[in-house]
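# Summary of structural features
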Amino acid sequence: MRPIIEFCMSNLANGSHGAMEELEKDPNLDVIEDICLGYCGRCSMNMYALVNGEPVEGEDEKDLLANIYTHLEENPMF
């Protein structure tokens, strides 16, 4: 089972799209785009994604990407 990274369409439109594109290149991840992830307050303030169901934020798309990989390293699935 691969880690699941979920992105909100509104957050993608606000700038996290580059992070999603980079993650989609990683064959060890499942990257999903959803209409809404239910974190509207967080979504309006920062770039974020759900990593295996846990929110991970970043100030910009590069920071978000780095924080996602850090989260994956610190929270292995097995």
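Scope of this entry: the structure provided in the associated data block.

Cut-offs and rules
- Residues numbered from 1 in each chain as written.
- Predicted model: local features only at pLDDT ≥ 70, side-chain atom pairs only at ≥ 80, totals over all residues.
- Heavy atoms only, no water.
- Salt bridge = Lys/Arg side-chain N within 4 Å of Asp/Glu carboxyl O.
- Helix = DSSP H or I, 4+ residues; strand = E, 2+ residues; numbered from the N terminus.
- Buried < 20%, exposed > 50% of the residue type's maximum accessible area, 1.4 Å probe, protein only.
- Core = buried A, V, L, I, M, F, W, Y, C linked by side-chain atoms within 4.5 Å.
- Contact = heavy atoms within 4.5 Å.
- Pairing = 2+ DSSP bridges.
- Axes fitted to C-alpha atoms, helices over the stretch in contact; angles between N-to-C directions.
- Phe/Tyr/Trp six-rings, centres within 6.5 Å; stacked < 30°, edge-to-face > 60°.

### Quick look at the pattern of salt bridges
The tally for this structure, following the rule as stated, stands at three salt bridges. The salt bridge partner of Arg2 is Asp30, with a shortest N-O separation of 2.6 Å. In this pair, Arg2 sits in the segment before β1 (4-8) while Asp30 sits in strand β2 (residues 30-34), placing the two residues 28 residues apart along the sequence. Look at Asp30 and you get partly exposed, because its relative accessible area is 26%. Between Arg42 and Glu57 there is a salt bridge, with the nearest N and O atoms lying 3.0 Å from each other. Of this pair, Arg42 sits in helix α2 (residues 40-45) while Glu57 sits in strand β4 (residues 54-58), and the two are 15 residues apart along the sequence. Classification of Glu57 as partly exposed rests on a relative accessible area of 28%.

### Section: the nonpolar core
Formed by 15 residues in total, the largest nonpolar core has its most connected members in Ile5, Phe7, Leu23, Val51, Leu64, Ile68 and Leu72. Of all the secondary structure elements, the ones that give two or more residues to this core are β1, α1 (9-24), β3 (47-51) and α3 (61-74). Setting aside chain neighbours within four positions, we find Ile68 in contact with Ile5, Phe7, Leu23, Ala49, Val51 and Val56. Core analysis: the second largest hydrophobic core is formed by five residues, Cys8, Leu37, Cys43 and Tyr48 among them.

### Considerations on the sheet that holds β3
Sheet architecture is open: four strands sit in the order β2-β1-β3-β4, paired in mixed fashion. For this open sheet the edge positions go to β2 and β4, each flanked by a neighbour on one side alone. Averaged over all pairs of adjacent strands, the angle between their axes in this sheet comes to 30 degrees, without regard to strand direction. Where β3 meets β4, five bridges bridge the pair, whose relative direction is antiparallel. Considered in β4, the bridge of Met47 is made with Gly58. Running over the sheet, α1 touches β1, β2 and β3 and is turned about 150 degrees from β1. The strands touched by α3 are β1, β3 and β4; relative to β4, the strand with the most contacts, the crossing angle is about 140 degrees.

### Some words on the packing of aromatic side chains
Scanning the model with the defined rule gives one aromatic pair in all. Measuring from ring centre to ring centre gives 5.9 Å for Tyr39 and Tyr48, while their planes differ by 55 degrees; the resulting arrangement is tilted. For Tyr48, a relative accessible area of 0% gives the class buried.

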